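Structural characterization, general
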Amino acid sequence: MKKSINVVSLKLVKDKSIDYNIKSVRRPLNVVTLVKELIGEADREYVIVLNLNSKLEPNSVQICGIGSLSEAIIHPREIFKSAILSNSSSILMVHSHPSGYVEPSKEDVLITKRIKSAGELLGIPLLDHIIIGQEKDFFSFAENGDLE
């Protein structure tokens, strides 16, 4: 019995562009400002990946998941898919807590460790995972020493 296999090609498709004027993604508040422009005051959790070039400049941003009021299901393969296709040298992960409470949950800590490990394996390090709440409230895993 003869079988067939699909021959495929992969490409990144640009949905739209957004303007930004942040000077450095090394400052979490700058990243928060950029992501807030993208998602606004959403009433559910958003998971965003900022794909960075070797100069630590964003070369693309992807909304990886939209969840409910209190959770969003994410997996490392979804986080790194756009990073690989964007030829990124590193990533920043951001997710929102619509409740406004920015302290990481046990699940937030566990997924951060998984994403960090996957990034090390792929050669695309996770520079930070930022949780954003209301206004300019945020929690940065890197600033709190939780990515070392």
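Just above, that's the structure.
Read on for a plain summary of the structure. Along each chain, residues carry numbers from 1 onward, in the same order as the chain's sequence is written. Only residues with pLDDT of at least 70 are given local features in this predicted model, and only at 80 or more are side-chain atom pairs given and counted; all residues enter the totals for whole chains, interfaces and linings. Calculated side-chain values reflect all of the structure's heavy atoms, with hydrogen atoms and water omitted.

1. Examining the overall build of the protein
- Secondary structure assignment for the protein yields 3 helices and 5 strands.
- Going from N to C terminus, the protein has its helices and strands arranged as α-β-β-α-β-α-β-β.
- Taken against the 2.2 N^0.38 rule, which gives 15 Å for 148 residues, the C-alpha radius of gyration of the protein at 16 Å falls within 12% of a compact globule.
- Along the first, second and third principal axes, the C-alpha set of the protein runs to 60 × 30 × 30 Å.
- A total of about 9400 Å² of accessible surface is found on the protein, and carbon and sulfur atoms cover 51% of it.
- Between the averaged position of the 18 positive side-chain charges in the protein and that of its 19 negative side-chain charges there is a distance of 11 Å. By the criteria applied, helices consist of DSSP H or I runs no shorter than four residues and strands consist of E runs no shorter than two, each listed in order from the N terminus. As defined in this context, the radius of gyration uses C-alpha atoms, and a globule is described by 2.2 Å times the residue total to the power 0.38. Methods summary: accessible areas were calculated by the Shrake-Rupley approach with a probe of 1.4 Å, and residue burial reflects only the protein chains presented. Positive charges are assigned to Lys and Arg, negative charges to Asp and Glu, while His and the chain termini are left out of the count. Each charge is placed at NZ for Lys, CZ for Arg, CG for Asp and CD for Glu.

2. Side note on the environment of Phe139
- In this fold, Phe139 is placed in strand 5 (residues 138-140).
- Distance from Phe139 to Glu103, taken between C-alpha atoms, is 6.4 Å for residues 36 residues apart in sequence.
- Not counting chain neighbours up to four residues away, the residues in contact with Phe139 comprise Val102, Glu103, Pro104, His129, Ile130, Ile131, Asn144 and Asp146. It only takes one pair of heavy atoms within 4.5 Å for two residues to be counted as in contact.

3. Considering the side chain of Ser90
- In this structure, Ser90 sits in strand 3 (residues 90-96).
- Each residue's exposure class comes from its accessible area (1.4 Å probe, protein chains only) as a fraction of the maximum for that residue type: buried when under 20%, exposed when over 50%, partly exposed otherwise. Since its relative accessible area comes to 3%, Ser90 is described here as buried.
- Those residues in contact with Ser90 that sit more than four places away from it in its chain are Leu50, Asn51, Leu52, Leu56, Ile124, Pro125 and Leu127.

4. Digging into helix 2 (residues 76-85)
- Buried residues of helix 2: Pro76, Ile79, Phe80, Ser82 and Ala83, and no others. Taken around the axis of helix 2, the buried residues stretch over an arc of 155°, which confines them to a single face.
- In this structure, the buried residues of helix 2 make contact with strand 1 (46-52), strand 2 (58-66), strand 3 and helix 3 (106-122). Of all possible arcs, the one meant is that of the directions from the helix axis to the C-beta atoms.

5. Points about the side chain of Ser60
- Tracing the sequence through the fold places Ser60 in strand 2.
- Here the side chain of Ser60 touches Asn51 through a polar contact of 2.9 Å, side chain to side chain.
- Beyond its immediate sequence surroundings of up to four residues, Ser60 is in contact with Val49, Leu50, Asn51 and Ser86. Throughout this description, a polar contact denotes any pair of N or O atoms lying within 3.5 Å of each other; where both atoms belong to protein, one of them has to be capable of donating a hydrogen while the other can accept it, and for residues adjacent in sequence the pair is counted only when both atoms sit in side chains.

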